[in-house]
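One-letter residues, chain by chain:
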Amino acid sequence: MPVTAAIKASLVSEECLLMIHDHLTSLSQIFCQYAELEFSADGDNDVNVVEEFIREQGIMTVKQFGMFASDCKFLGRNVSMKDVRQVFSASQHDETMNEAEANVDSHQEIMVFAEFIEAIARLGVLKYSSEGESASGNDDEVLHIGAIRKAFDRVVTTTSKR
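A quick note: this is a predicted structure, and the numbers were derived from the prediction, not measured.

Caption draft 1: Structural context of the overall build of the protein. Looking only at helices and strands, one finds nine helices and two strands in the protein. The buried share among the 162 residues of the protein stands at 44%. If you take every contact in the protein between residues at least 6 apart in sequence, the share linking residues at least 24 apart comes to 70%. About 8700 Å² of surface is accessible on the protein, with carbon and sulfur atoms providing 49% of the total.

So, in structure tokens, the structure goes:
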């Protein structure tokens, strides 16, 4: 299974969806922080409130995403700034758009919250999937879920220390 398909399959697995849900408020606040948005959930883990705010307001540029990746210490072994830009581009979905994104020049690369979640997963797979490990079928998904979990844990713990 190609890496992109395996990552997408991993992201919609029950384990990953539960992990994302558990960290939704933190991930939303982190996205808003780097996208320079004002949002405070005040401990409110109401998925509808978070999703509506981000759907209406949230966009992140490639420069902001690069700063996020650097601050979360994804750069280094196996991951360069070029890789971060490629992850940003690979996570783009033309059909995923919000009001703010619709009003931006189409030549400017931007991402919405759903793309941010996918980009974190892609960074995790790049950073934590061992080189030379050859897996196939469901093994790819298991391998990716472990790397994705490490990535989300890194994001949440690194940014909570700031």
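Caption draft 2: Quick peek at the pattern of salt bridges. Scanning the model with the defined rule gives three salt bridges in all. Two residues, Arg 122 and Glu 118, come together in a salt bridge whose shortest N-O distance is 2.8 Å. Of this pair, Arg 122 and Glu 118 are both found in helix α8 (residues 113–128), four residues apart, which corresponds to roughly one turn of the helix. A cluster of three or more residues bridged by salt bridges with shared partners is formed by Lys 8, Glu 118 and Arg 122.

Caption draft 3: Structural context of helix α3 (residues 24–34). Here α3 lies mainly inside the structure; eight of its eleven residues are buried. What α3 keeps buried is the set Leu 24, Thr 25, Leu 27, Ser 28, Ile 30, Phe 31, Cys 32 and Tyr 34. Positive backbone phi, approximately 60°, marks Glu 36, located one or two places after α3.

Caption draft 4: Representation of the confidence of the model for the protein. Of the residues in the protein, 66% have a pLDDT of 70 or more, and the chain-wide mean is 78. In the model, residues 131–137 has pLDDT below 50 throughout and makes three contacts with residues more than four positions away in sequence or in other chains.

Caption draft 5: Fine view of unusual backbone geometry. Positive phi outside glycine occurs at Lys 73, with the angle close to 60°. With respect to the secondary-structure elements, Lys 73 resides in the loop between α5 (62–71) and α6 (81–90). Here Asn 78, not a glycine, exhibits a phi torsion of approximately 75°, which is positive. Take Asn 78: its relative accessible area is 25%, and that puts it in the partly exposed class.

Caption draft 6: Geometry of helix α2 (residues 14–22). Taken as a whole, α2 has its buried residues at Cys 16, Met 19 and Ile 20. For α2, the angular spread of the buried residues around the axis is 100°, confining them to a single face. In α2, the exposed residues that point more than 90 degrees away from the buried face are Glu 14 and Asp 22.

Caption draft 7: Summary view of the environment of Thr 158. Tracing the sequence through the fold places Thr 158 in helix α9 (residues 138–160). A relative accessible area of 17% means that Thr 158 is categorised as buried. Note: C-alpha distance between Thr 158 and Cys 72 (86 residues apart in sequence) is 5.7 Å. In this structure, Thr 158 is in contact with Asp 71 and Cys 72, ignoring residues within four places of it in sequence. For Thr 158, the side chain forms a polar contact with the main-chain oxygen of Arg 154, separated by 2.6 Å.

Caption draft 8: Expanded view of the nonpolar core. The biggest cluster of nonpolar side chains holds 37 residues, and the ones touching the most others in it are Phe 65, Phe 68, Phe 116 and Leu 123. When residues of this core are traced back to their parent elements, those giving at least two are α1 (3–11), α2, α3, α5, α6, α8 and α9.

So, how was this worked out
- Residues numbered from 1 in each chain as written.
- Predicted model: local features only at pLDDT ≥ 70, side-chain atom pairs only at ≥ 80, totals over all residues.
- Heavy atoms only, no water.
- Helix = DSSP H or I, 4+ residues; strand = E, 2+ residues; numbered from the N terminus.
- Buried < 20%, exposed > 50% of the residue type's maximum accessible area, 1.4 Å probe, protein only.
- Contact = heavy atoms within 4.5 Å.
- Areas by Shrake-Rupley, 256 points an atom, 1.4 Å probe, with all protein chains shown as cover.
- Salt bridge = Lys/Arg side-chain N within 4 Å of Asp/Glu carboxyl O.
- pLDDT = per-residue confidence, 0-100.
- Arc of directions from axis to C-beta.
- Polar contact = N/O pair within 3.5 Å; in protein donor to acceptor, adjacent residues only side chain to side chain.
- Core = buried A, V, L, I, M, F, W, Y, C linked by side-chain atoms within 4.5 Å.

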